[in-house]
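Listed below are the residues making up each chain.
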Amino acid sequence: MLKNVSSEAAIPEVSDIIVEGGKIVDGTGFTCYHGDVEIHNGRIAKIGDLKDVRAVQRINAFGLVVAPGFIDIHTHADEEIANHPLAQNYLQQGVTTIVGGNCGDSIYPIGEKLTALEHSGLGINFAILIGHATIRKQVMGMADRVATSEEVRQMKDLLAKAMEQGAFGMSTGLYYAPGSYSKTDEVTELARVAARYGGIYASHIRDESDYNIGLVAAVKEAIEIGEKAGIPVQISHLKALGKPVWSKSAEILDLIKAARARGVDVAFDQYPYIASGTDLAGAVVPRWAQAGGEARMKERLRALSSRDKIRAEMLASIEKRGGPDKLFIATYAPDPGLEGKHLGEIGRIKGMAPVDAAIELLFSGGADVISFNMLDEDLIRMMKSPFGMIGSDGSLVRFGESVPHPRYYGTFPRILGNYVREDGLLSLEEAIRKMTSAPANRLGLSDRGLIREGMIADLTVFNPATVKDKATFEKPHQYPEGIDYVIVNGQLAVSGGEWTGIRAGRVLYRQKAQKAESRKR
Ligand SMILES: [Zn+2]
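Residues numbered from 1 in each chain as written. Predicted model: local features only at pLDDT ≥ 70, side-chain atom pairs only at ≥ 80, totals over all residues. Heavy atoms only, no water.

1. Structural notes on the nonpolar core
Ile235 and Phe462 are the most contacted members of the largest nonpolar core, which has 88 residues in total. Ignoring anything within four residues of it in the chain, the contact list for isoleucine 235 reads Ser203, Ile205, Val219, Ala222, Ile256, Val266, Ala267, Phe268 and Asp269. (Core = buried A, V, L, I, M, F, W, Y, C linked by side-chain atoms within 4.5 Å. Buried < 20%, exposed > 50% of the residue type's maximum accessible area, 1.4 Å probe, protein only. Contact = heavy atoms within 4.5 Å.)

2. A word on the coordination of the zinc ion
All of the protein donors around the zinc ion are Cys103 (SG), His204 (ND1) and His237 (NE2); their distances to the metal are 2.0 to 2.2 Å. When the donor residues of the zinc ion are listed from N- to C-terminus, their spacing reads C-x100-H-x32-H. One end of the pair, cysteine 103, is in the loop between strand 7 (95-100) and helix 2 (110-120); the other, histidine 204, is in strand 11 (residues 200-204), with 101 residues separating them in the sequence. Comparing cysteine 103 with histidine 204 shows no difference in burial state: the two are buried. (Donors = N, O, S within 2.8 Å, 3.2 Å for Na, K, Ca; no water. Helix = DSSP H or I, 4+ residues; strand = E, 2+ residues; numbered from the N terminus.)

3. With respect to the sheet that holds strand 15 (residues 327-331)
Sheet architecture is open: three strands sit in the order 14-16-15, paired in antiparallel fashion. Strands with a single pairing partner mark the edges of an open sheet, and in this sheet they are strand 14 (275-279) and strand 15. Across this sheet, the average inter-strand angle for adjacent strands is 30 degrees, counted without regard to direction. Note: strand 14 against strand 16 (residues 368-372), five bridges, orientation antiparallel. Looking across to strand 16, one finds that aspartate 279 is bridged to aspartate 368. (Pairing = 2+ DSSP bridges. Axes fitted to C-alpha atoms, helices over the stretch in contact; angles between N-to-C directions.)

4. Let's talk about the sheet that holds strand 6 (residues 70-72)
Overall, parallel pairing links the three strands, which are arranged 6-7-8 in an open sheet. What marks the edges here is a single partner per strand, and that holds for strand 6 and strand 8 (125-128). On average, each strand axis in the sheet is tilted by 20 degrees relative to the strand beside it, whichever way the strands run. Of the pairings in the sheet, the one linking strand 7 to strand 8 comprises four bridges and is parallel in character. Bridging across to strand 8, threonine 97 finds its partner in asparagine 125.

Shape is all these values report; function is a separate question.
Rendered as structure tokens:
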């Protein structure tokens, strides 16, 4: 009943938008073709030669690529989306859907929070995973121990509830406290619940370096959880972090391939930068020192009995990340003047050893850090894998505030400019597939991620000759070039390269039909 009752079926409707003459890269990975795309009532109504179709608006896409809107399967936007619901730094990258709740941390309780977001009006589509650390904290705080069977039962209930409320799966952050306090069995038990609802298991694995079990064993653990729980595994921001594991990408890609060959659905996402970003405590403070939460950590840093041991382990962590001159402070609320400086420099300013400067920052509320700790060789090998997707690992930001990782502004255009056009590492069709249908399939979003008649009209129109990220580590607050039109649910969020500020986004919920189906199976 989409049509007005008074309209005659014989009179053709005037469509909303026609995107004319573009090169259609439809998201499947198959070769592009030329054609017009008609958008009406929020959906792709028709594809073909549409010269004669009347439309309210025509977009001239001659010389441009028309792709499905990009889906960012890995963000941390779920806290920030309430502050920045218009999502400009993602829309201008051509991203029309973002997934939050990653690395074990999500908003909670998600039902209420998602309803509130829906009412506030979003600029972008938003989907969420439920965080394992989030529900573990609900049940057992920051306790550094194995969960009892009663605690596991409670966590399963909370997880089931979140899945009922529309979460797309469960995420873990097994590297971070309190995720690090859990054993494989606990996570597997919980992943079984997410599997029952047709969800995925996304994991910031236990070790991306050689901090505890090592990168290779951590990838094996993720695969084991997927295999035992019968759930698709999404390894988050796959990387080989730090010298001891450099060049291990070949080995871990082989593990993923072998798991897939025996029927375990393992995939991953990555961001196109060789520097990582996290919080200072997560980067350098040993997990045992974080048990019980931030107040307890500060007590241990003060106590003579533990201070030296923590300091020694922090020193080792800083070295592992490339040394104090490779560890940059991105965000530090108490003194924004220190943002953008590395730990070595901050030590000199404060007249103390870099590690002691780090301890001082921890005492005054902590900071976000960026460290250069990866090899191009590994990044490229992973990017060539057909099982990889693109995820920014970023969040929504206020323009000009703090010094975020440039991936917040540049991830998707960087793939298209650097790795497709300049380096020729990926075909355009394959790169677009990794940003669209691959994540849509992963999430079970059956009506997004492809340019097909009947699909929801999330589209990105860009210039393949000029598309380029501009955000740098020094000056991250720069929007990319060459992303000319972005359409969210049939409405223009970026037009002629200019952001429109429209609230056309939706909260996406895991499709209930999928759950019913998987129960039948
Ligand atoms: Zn992470």
